[in-house]
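Structural overview for review
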Amino acid sequence: MSVALGTTSNAKTLIFVGEKRCGKTSLIQKFFDETPKDDMPPTTALEYSYTTKTKDDKKMTVNAYELGGGRILSSMLQSCMS
């Protein structure tokens, strides 16, 4: 699951939530134009990454929060939404 929250006109935030080893990190790496690695450790808490993209001659920062561990850690979503 991902939700896009606009923080400013040139920054976007994506939040990925799911169980361990469901493909969140691989999806983020593909979006960030990185090669996904097969030996990545599972996401067990909240992780943050960002990249800068250019579209139509406009720079945009994309923030990605990744929450692994399912419902057990869902209370951590508050920290990336505030």
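Each remark here, short or long, concerns the structure printed above.
Residues numbered from 1 in each chain as written. Predicted model: local features only at pLDDT ≥ 70, side-chain atom pairs only at ≥ 80, totals over all residues. Heavy atoms only, no water.

Side note on unusual backbone geometry
Where the residue is not glycine, phi is negative for most of them; where a peptide bond is considered, it is trans in most cases. Phi at Asp 56 takes a positive value of approximately 55°, unusual for a residue other than glycine. Looking at the element boundaries, Asp 56 is found in the loop between strand S3 (46-55) and strand S4 (58-68). Notably, Asp 57 is not glycine yet its phi reads approximately 60°, a positive angle. One can find Asp 57 in the loop between S3 and S4. Taking the relative accessible area as the measure of exposure, Asp 57 reaches 79% and is therefore exposed. (Helix = DSSP H or I, 4+ residues; strand = E, 2+ residues; numbered from the N terminus. Buried < 20%, exposed > 50% of the residue type's maximum accessible area, 1.4 Å probe, protein only.)

Focus: the pattern of salt bridges
For the structure shown, the criterion picks out 1 salt bridge. Notably, a salt bridge pairs Asp 33 with Lys 53, separated by 3.0 Å at the nearest N-O pair. Of this pair, Asp 33 sits in the loop between helix H1 (24-31) and S3 while Lys 53 sits in strand S3, and the two are 20 residues apart along the sequence. Judged by relative accessible area, which is 65%, Asp 33 ranks as exposed. (Salt bridge = Lys/Arg side-chain N within 4 Å of Asp/Glu carboxyl O.)

Quick notes on the nonpolar core
Formed by Leu 14, Phe 16, Ile 28, Phe 32, Val 62 and Ala 64, the largest nonpolar core amounts to 6 residues. Elements supplying a minimum of two residues to this core: strand S2 (11-18) and S4. (Core = buried A, V, L, I, M, F, W, Y, C linked by side-chain atoms within 4.5 Å.)

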